[in-house]
Amino acid sequence: MSKVIVVGSGIAGLVAAVEAAKKHEVTLITKDVLAESNTHYAQGGIAAVVSSEDSVAEHVTDTLFAGADFCFRPAVEVLCAEGPARITDLVNFGVNFDRQNGNFALGLEAAHSHPRILHAGGDTTGADISNALVRAARSQLKTIFEHTFLIGISTSAGKVAGVEILTVDGRKLVEADQVILASGGAGQLYRHTTNPAVTTGDGVAAAFRAGALLADVEFYQFHPTALAVPGSYLISEAVRGEGAILVNQDGERFMKAIHPLAELAPRDVVARSIQTQMMAQGGQPVLLDATALGEKFLEERFPSITAATRKYGLNWAKQPIPVTPAAHYWMGGVATDIWGRTNIEGLYAVGEVACTGVHGANRLASNSLLESVVFAHRAVATLDEKWEIAASHANLENALQQIEIVENLAPKRDRQAAGEATTAGQVVDRVELQTLMWDNVGLARTGNQLSATQKALADWHGAEESGRLFTDWEDANLLLLAGAVTSAALAREESRGGHFRLDYPQTRPELAKSIIVRKA
Ligand code: SIN
């Protein structure tokens, strides 16, 4: 029995913690309360092959196609093949997926060749999964630290030795033999995001500082349809899967002329087409027309979206609603093999914090909850085993490029005192950073914008480390990760999936390799 720390309480962290607790002494750490995670807000659902009309081979093909010739095939095969067993696990945890005539009711989302999206409570899938897993965690784990911030990962002789945390009582080191990072993504890098406030990339930043390799960080997915209101409330792709269409301010259905799959084309295509329409209509949002689906159907199938639109004074059964893209999912992260192992012995990463290569340059809708549960399970299966990196998407030998970046965490005056050449700078302002990232490192990028962003980021630094609060750490982490995304986006001189360069609009097959980012 070894000591295992799991960081994060979305689906990946909760599954990892509960599974690991069967054989190990587990401590679960989370920044907020257990239920506050990106998982909790997932609407559409979880993709898996559970119907005899579908096949694992087709799920693999769809995932590879959406990933824009950039997925790591062995990881995709694992995901799709192990998906059905992990759905059974979730049912056993008490997740009550919606059913029709005794079978799972399956939804359709973009770029899936079959309806294969399981959902619960209509559009409260994430909340239903999270509630079931939180119940399991509370009953099966002895040690849960809520409101606990991950500051760093400590290592000794190249191996994980524990984590450094911050709580109301101050900083403290917690020892561990193995650490499973499951702390999610970094939607808060952007001014408009469907992600909750907790998504500040803390796990990716801590792993980076400890020497972990990051991969594919330039690939960020923008969801095409967030309600065009403050807070960017997600309008699930499942709504388009059920037949809703997108129209511009003149009422023209524009996606049909752009892609054979129209509104169900891969997400990057739909999101950029919406942005083009918005630019042509003076920044006005486009409209999602779900009126043909009928009031009763919308209320029953999408109860929480119906309630949210009402809150904003909209009746989507009667009128099209305004929608706009928003940052949604980070394909890049801490590079792992197909067992969640990173380049630091004893450090695992699973879920959105990780880059297994399963999503390539653009994630297939509803594959992320599945990735989390499949790879959390696999990571736990190898705890205590000899540390041997298996097949990996982002191995250094195959990398397109390695970028080394300096973290500008320390106040500039300390760095100047240490002899570093640096201008005075100022403490990072989160809203300014998010706006800069949205404007310059968003759906469409240019070399000039990316270079200007690098310069602007270099003029900021984190707050004084000794007195940092949670939010100061979050800001420092966002600053670090914004630098990583921007540098990798500048280095990738092509367009592919979630990374679109206006100055390099073509996909260049010879560049189908990962850019690795590491600490200088
Ligand atoms: C959605 O419901 O549209 C989001 C699903 C996902 O991002 O996989």
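Residues numbered from 1 in each chain as written. Predicted model: local features only at pLDDT ≥ 70, side-chain atom pairs only at ≥ 80, totals over all residues. Heavy atoms only, no water.

In the annotation of an unreviewed UniProt entry, the entry for the protein reads L-aspartate oxidase, and the organism field reads Candidatus Rhodoluna planktonica. Under Pathway (unreviewed entry), UniProt gives the following word-for-word description of the protein: "Cofactor biosynthesis; NAD(+) biosynthesis; iminoaspartate from L-aspartate (oxidase route): step 1/1." Note on the protein: under the UniProt heading Sequence similarities (unreviewed entry), the record states "Belongs to the FAD-dependent oxidoreductase 2 family. NadB subfamily." (UniProt positions renumbered as here; feature names shortened; annotations may be inferred.)

Visitor: Which parts of the structure should I look at to understand the UniProt feature "active site" (unreviewed entry) in the protein?
Guide: Look at the UniProt record and you will see "active site" (unreviewed entry) annotated at Arg267. By the secondary structure assignment, Arg267 is in helix α7 (residues 267–280). Of note is the side chain of Arg267, whose polar atom sits 3.0 Å from the side chain of Glu237. (Helix = DSSP H or I, 4+ residues; strand = E, 2+ residues; numbered from the N terminus. Polar contact = N/O pair within 3.5 Å; in protein donor to acceptor, adjacent residues only side chain to side chain.)

Visitor: Before we go on, may I ask you to explain the layout of surface pockets in this structure?
Guide: Leftover empty space is mapped by rolling, across the atoms, a probe with the size of a water molecule. In this structure, the second largest pocket spans a volume of roughly 350 Å³. Considering the residues around the second largest pocket, the lining is formed by 16 residues, among which Gln275, Thr276, Met279, Leu443 and Ala444 are closest to the centre. If you list the elements that add at least two residues to the lining of the second largest pocket, you get α7, β17 (321–330) and α12 (430–440). The element contributing the most residues to the lining of the second largest pocket is α7, with five residues. (1 Å grid on protein atoms, 1.4 Å probe; cavity = no way out; pocket = protein on both sides within 12 Å on 5 of 7 lines; lining within 4 Å. Points joined across faces, edges and corners; volume = space filled by probe spheres on them.)

Visitor: Can you help me understand unusual backbone geometry in this one?
Guide: Most peptide bonds adopt trans geometry, and most residues besides glycine take a negative phi value. Even without being a glycine, Asn101 presents a positive backbone phi close to 50°. In this fold, Asn101 is placed in the loop between β4 (99–100) and β5 (103–104). By relative accessible area, which is 79% here, Asn101 ends up exposed. Of note in the backbone geometry, Asp384 takes a positive phi value of approximately 75° without being a glycine. In this structure Asp384 comes out as partly exposed when scored by relative accessible area, which is 46%. (Buried < 20%, exposed > 50% of the residue type's maximum accessible area, 1.4 Å probe, protein only.)

Visitor: I would appreciate a short explanation of the site of the ligand in the present structure.
Guide: Taken together, Gly44, Glu109, His223, Ser236, Glu237, Arg267, His328, Arg363, Ala365 and Ser366 make up the full set of residues adjacent to the ligand. Interatomic distance of 2.6 Å between a side-chain N/O atom of Ser236 and an oxygen atom of the ligand. Protein burial of the ligand: of its 260 Å² of free accessible surface, 93% is covered by the chains. A breakdown of the residues in the shell around the ligand according to their chemical character gives one nonpolar, five polar and four charged. (Near = heavy atom within 4 Å. Areas by Shrake-Rupley, 256 points an atom, 1.4 Å probe, with all protein chains shown as cover. Nonpolar A, V, L, I, M, F, W, Y, C, P; charged D, E, K, R; others polar.)

Visitor: What am I meant to see in the packing of aromatic side chains here?
Guide: Pairs of aromatic rings are described using the distance from one ring centre to the other and the angle between the two planes. Counted under the stated rule, the structure contains twelve aromatic pairs. Look at Phe97 and Phe104: their rings are 6.0 Å apart centre to centre, the planes differ by 85°, and that puts the pair in the edge-to-face class. Note on Phe104: relative accessible area 22%, which makes it partly exposed. Seen in terms of ring centroids, Tyr220 and Trp330 are 6.2 Å apart; in terms of plane orientation they differ by 25°. Their pairing is stacked. Here Tyr220, found in strand β14 (residues 220–227), pairs with Trp330, found in strand β17; they are 110 residues apart in sequence, far enough to count as distant. (Phe/Tyr/Trp six-rings, centres within 6.5 Å; stacked < 30°, edge-to-face > 60°.)

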